[in-house]
2 protein chains.
Amino acid sequence: MKQKITIRDVAKLAGVSSATVSYVVNGINKVSEETKEKVFEAIKQLDYQPDFTAISLSKRKSNMLGVMMPFVDNSLAPMFRENYYYTEMIGGMESIARKNKYDLLISGVRDPQDCKSWVTKRNLDGLIFLGLFPEALYEELKSLDIPIVLIDNYEEFGKSYHNIRIDDELGGYLAGKHLIERGHRAISFIGHDLANFPVDWNRSNGLKKAVTEAKLSTDAITFFEGKGSSFEIGYEMGTKLLELGDKSTAIFASSDILAMGIIKALQERGKEIPHDYSIVGFDDLAINMISRPGLTTIRQDVFNKGVVSAQTIIDAIEQKISDPVHVTLSIELVERESTRRLE
Amino acid sequence: MKQKITIRDVAKLAGVSSATVSYVVNGINKVSEETKEKVFEAIKQLDYQPDFTAISLSKRKSNMLGVMMPFVDNSLAPMFRENYYYTEMIGGMESIARKNKYDLLISGVRDPQDCKSWVTKRNLDGLIFLGLFPEALYEELKSLDIPIVLIDNYEEFGKSYHNIRIDDELGGYLAGKHLIERGHRAISFIGHDLANFPVDWNRSNGLKKAVTEAKLSTDAITFFEGKGSSFEIGYEMGTKLLELGDKSTAIFASSDILAMGIIKALQERGKEIPHDYSIVGFDDLAINMISRPGLTTIRQDVFNKGVVSAQTIIDAIEQKISDPVHVTLSIELVERESTRRLE
DNA sequence: TTGAAAGCGCTAACAG
DNA sequence: CTGTTAGCGCTTTCAA
């Protein structure tokens, strides 16, 4: 194996000290043009690559970002396999990270200790949290003094961190309004554990708001809660809805993937979408293109959410911002074929 | 910010030298039980976390694995957004990596230089390649002397690296046999640039084999080649197939996502699956659950492919293997509702 | 069985 | 403007 080219090799070849090389490499402006010239020449000749590990050690900065994902069944596998929401967002983060010469480290976390030690061991410069974690985790991390970005967080304690989200209530409202305007008077809401998941709770709340605004009784809504937000759960809920003989004409699902599961269940039982049920989803992920009929949904730009999150944390790391940043990204209803006007 | 706890703090508290602490931490067996005891006690008391960066610098080993993904349109975004094949596989890698205390770094590469410098800068211990890259890249990397795992590679030069793949030709053969046994005598193959993508070429070749074996003329197959393997391309190809007035009764698509695009195109033009066309896909990704009718496909365990790849590279890093390992994982045909027997 | 000390490659006072 | 030098936190000879 070839010997690694170090800053000293460059220094020697350029006939200067390693400090000078370091200055040049880091663009510290106190080196004469002439010397710079020589150094650059030597760098090119040797194909010198500064070692991030060493930089990291001496600067206490790794240029690495940690991305925390929730475990499902003690593993991240289901996340990667089925949570297209997260992978799409990670795509956005990656693009910004690379542009700024950061690398992304992705991990699931068991307990706060684990997480903290991961950050310490790897010298991570910042942390992005996808999903909900126990408050103790954030508490534990406070002492680390690195920027933290929370996505879709509504917790009180979350306010002291950077926050990137959308207006979930507005999303629910738009969905509700869309259905009500099309004559639906009995709507089923299908979401994930409303008591514990503020995102779904807010979406359902938006629906309620639309119903109230239209001067309908809130009985117009039937609530179904699953224990998760997967295709299978959607399928389960759809089946349940039929079994219960629910009389609603429209369904608002708190995520696209849930909606797809519901649609499958309904279609398998001979129901036609949108003839028998109008359905609205949420997110507008890339998988939507697969769905037939095309899914009417509340579109959020998930990729961009990743972009903004990564940019926020990098800005924070590089001291361009200090106070917690709270960003609310825009959403819109996209009408496709899964909803219809009730005659 | 709290001062970082170093090995010296532990040493001091335990009343030993830092070298001794290092021995204990690394399980180097030349420390008396008694001293070990004291050291462990001190570690616990201080909640000492060895710093990977420092370890990395002094051992020249980072415990980080690089995963290279191909760029699409100069970005990884489409990969994360739509290539469920890769994300599913990354899930598998992550699980093994974490178990072995490795972290995964994911990157796209522009040119060989870039890649090499990434490895050098980050001190990566190993590299996994998803997809096809120019040969020059691998050449460039040779001098780095780190283990490299290639996924789905059929190139001649790939033989000197570790290789994880399936028998793609067998897959094509199984698909073809399935269709032929069900009475289909005119089959369209839809794949990605056969001249340059051996995976698709092998799959099509398997189909040919089945056709030949059944003593049919190879005219029985019509080939369609798209420039990619996405839903959109599938849609495009499906449309084209109809426009050409192709008389085939069955379609073998070289990936599920392609198949879904094809199905969408056909269904939109009023064709019924499997009544008008029987369709077989390839991979059996999680998105398949969305498809209606359920897609008959060649199932490979993509998650497991990630697992095996990661395990292989870790074994190589830790010197448990030396010669290039070539693994061929098993596949099977999964029959669902998208294929039918021709009467 | 333990410790002193010289690195690993780079940065950043400080001195000149 | 440039160089000297002391770290960053850990490993690993080598000697005791």
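Just so it is clear, the structure is predicted and the values come from calculations on it, not from any experiment.

Parameters and conventions
Residues numbered from 1 in each chain as written. Chains lettered and ligands numbered in written order. Predicted model: local features only at pLDDT ≥ 70, side-chain atom pairs only at ≥ 80, totals over all residues. Heavy atoms only, no water. Near = heavy atom within 4 Å. Polar contact = N/O pair within 3.5 Å; in protein donor to acceptor, adjacent residues only side chain to side chain. Helix = DSSP H or I, 4+ residues; strand = E, 2+ residues; numbered from the N terminus. Nonpolar A, V, L, I, M, F, W, Y, C, P; charged D, E, K, R; others polar. UniProt positions renumbered as here; feature names shortened; annotations may be inferred. Axes fitted to C-alpha atoms, helices over the stretch in contact; angles between N-to-C directions. Parallel < 35°, antiparallel > 145°, perpendicular 65-115°, else oblique. Left-handed = near helix turned anticlockwise from the far one by under 90°. Contact = heavy atoms within 4.5 Å. Domains from an automatic or database assignment. Buried area = accessible area lost by both parts, 1.4 Å probe. Salt bridge = Lys/Arg side-chain N within 4 Å of Asp/Glu carboxyl O. Expected span 1.5 Å × (residues − 1). Buried < 20%, exposed > 50% of the residue type's maximum accessible area, 1.4 Å probe, protein only. Least-squares fit on C-alpha atoms with pLDDT ≥ 70 in both. 1 Å grid on protein atoms, 1.4 Å probe; cavity = no way out; pocket = protein on both sides within 12 Å on 5 of 7 lines; lining within 4 Å. Points joined across faces, edges and corners; volume = space filled by probe spheres on them.

**Student:** Sorry, what's going on with the protein's contact with DNA strand C here?
**Tutor:** In the neighbourhood of DNA strand C, 27 residues make up the surrounding shell, with Ile7, Tyr48 and Ser58 of chain A together with Thr20 and Thr35 of chain B lying closest. Atoms of DNA strand C within 4 Å of the protein: sugar and phosphate make up 67%, bases the balance. Between DNA strand C and the protein, one listed contact pairs a phosphate oxygen with a side-chain N or O atom of Asn26 of chain A at 3.2 Å. Broken down by secondary-structure element, the contributors of at least two residues to the surface near DNA strand C are helix 1 (7–14), helix 2 (18–25) and helix 4 (52–59) of chain A together with helix 2 (18–25) and helix 4 (52–59) of chain B. Counting residues per element, the surface near DNA strand C draws most heavily on helix 4 of chain A, at 4 residues. Taken together, the residues of the surface near DNA strand C sort by class into 12 nonpolar, 9 polar and 6 charged.

**Student:** I tried to follow the UniProt feature "domain: HTH lacI-type" (unreviewed entry) in chain A on my own but got confused; where do I start?
**Tutor:** According to UniProt, the positions carrying the feature "domain: HTH lacI-type" (unreviewed entry) are residues 5–59 of chain A. Secondary structure content for residues 5–59 of chain A is 69% helix and 0% strand, and the end C-alpha separation is 20 Å.

**Student:** In this structure, what is going on with the protein's contact with DNA strand D? I would like to understand it.
**Tutor:** In the neighbourhood of DNA strand D, 28 residues make up the surrounding shell, with Thr20 and Thr35 of chain A together with Ile7, Tyr48 and Ser58 of chain B lying closest. Put simply, 66% of the atoms of DNA strand D that lie within 4 Å of the protein are in sugar or phosphate. Within the contact set of DNA strand D, a phosphate oxygen lies 2.9 Å away from a backbone nitrogen or oxygen of Ser17 of chain A. Here a phosphate oxygen of DNA strand D sits 3.2 Å away from a polar atom, N or O, in the side chain of Asn26 of chain B. Of all the elements in the fold, those that place two or more residues in the surface near DNA strand D are helix 2 and helix 4 of chain A together with helix 1 (7–14), helix 2 and helix 4 of chain B. Looking at the surface near DNA strand D, the element that brings in the most residues is helix 4 of chain B, giving 4 residues. For the surface near DNA strand D, the residue count by class is 12 nonpolar, 10 polar and 6 charged.

**Student:** Mind showing me how you'd approach the packing of helix 4 of chain A against helix 4 of chain B here?
**Tutor:** Describing two packed helices takes the angle between their axes plus the distance from one axis to the other. Helix 4 of chain B packs onto helix 4 of chain A with a crossing angle of 135° between their chain directions and a minimal axis gap of 9 Å. It follows from the interaxial angle that helix 4 of chain A and helix 4 of chain B lie oblique. For the crossing formed where helix 4 of chain A meets helix 4 of chain B, the hand is left-handed. The segment helix 4 of chain A lies against helix 4 of chain B, with Thr53, Ala54, Ser56 and Leu57 of chain A engaging Thr53, Ala54, Ser56 and Leu57 of chain B. Across the contact of helix 4 of chain A with helix 4 of chain B, the residue classes break down as 4 nonpolar, 4 polar and no charged.

**Student:** Quick question: what am I supposed to make of the domain arrangement of chain A here?
**Tutor:** It is common to report an interface's size as the accessible area lost on association of the parts. When the domains of chain A are assigned, the result is domain 1 (7–50), domain 2 (64–167 + 303–328) and domain 3 (168–301). Measuring from the centre of the C-alpha atoms in domain 1 of chain A to the corresponding centre in domain 2 of chain A gives 36 Å.

**Student:** In this structure, what is going on with the interface of chain A and chain B? I would like to understand it.
**Tutor:** Each partner contributes residues to the interface: chain A has 62 residues there, and chain B has 62 residues. For the chain A and chain B pair, buried surface summed over both sides reaches about 5,500 Å², with 57% attributable to carbon and sulfur atoms. Of all residues in chain A, the largest losses of buried area upon contact with chain B belong to Lys121, Arg122 and Met289 of chain A, amounting jointly to 13% of the total for that side. Our count for the contact surface shared by chain A and chain B stands at 6 salt bridges. Where Asp51 of chain B meets Arg60 of chain A, a salt bridge forms, and the shortest distance between an N and an O atom there is 3.2 Å. The interface formed by chain A and chain B holds 26 residue pairs in polar contact (both at pLDDT 80 or more) in total. Mapped by element, the contributors of at least two residues to the side of chain A that touches chain B are helix 4, helix 5 (77–82), helix 6 (84–99), strand 2 (103–108), helix 7 (112–122), helix 11 (231–243) and helix 12 (256–268) of chain A. The class makeup of the residues in the side of chain A that touches chain B is 26 nonpolar, 16 polar and 20 charged.

**Student:** Sorry, what's going on with helix 10 (residues 198–213) of chain B here?
**Tutor:** For an α-helix the count is 3.6 residues per turn, leaving residues at separations of three or four pointing the same way. Residue and element names in this part refer to chain B. Compared with the 22 Å implied by 1.5 Å per residue over 16 residues, the 22 Å span of helix 10 between its first and last C-alpha is a close match. Among the residues making up helix 10, those that are buried are Pro198, Val199, Asp200, Asn202, Arg203, Ser204, Asn205, Gly206, Leu207, Ala210 and Val211. Lys215 lies just past helix 10 and shows a positive phi near 60°.

**Student:** Please clarify how the relation of the copies chain A and chain B should be interpreted in this entry.
**Tutor:** The two chain copies are connected by a rotation around an axis plus a translation along it. Placing chain A over chain B gives an RMSD of 0.1 Å and needs a rotation angle of 180°, together with 0.0 Å of translation along the axis. Classification of the inter-copy transformation places it as that of a two-fold axis. Looking at chain A, 100% of its interface residues are interface residues in chain B too, so the copies touch through the same face.

**Student:** What's the story with the layout of surface pockets in this structure? I'm lost.
**Tutor:** Regions of empty space are outlined by a rolling probe, equal in size to a water molecule, passed over the atoms. Taken as a whole, the largest pocket holds about 1,200 Å³ of empty space. In terms of lining, the largest pocket is formed by 43 residues, of which the most central are Lys121 of chain A together with Pro50, Phe52, Ile55 and Lys101 of chain B. Among the secondary structure elements, those contributing two or more residues to the lining of the largest pocket are strand 2 and helix 7 of chain A together with helix 1, helix 2, helix 4, helix 6 (84–99) and strand 2 (103–108) of chain B. The dominant element in the lining of the largest pocket, judged by the number of residues it contributes, is helix 7 of chain A, at 6 residues. Of the residues belonging to the lining of the largest pocket, the class tally is 17 nonpolar, 11 polar and 15 charged.

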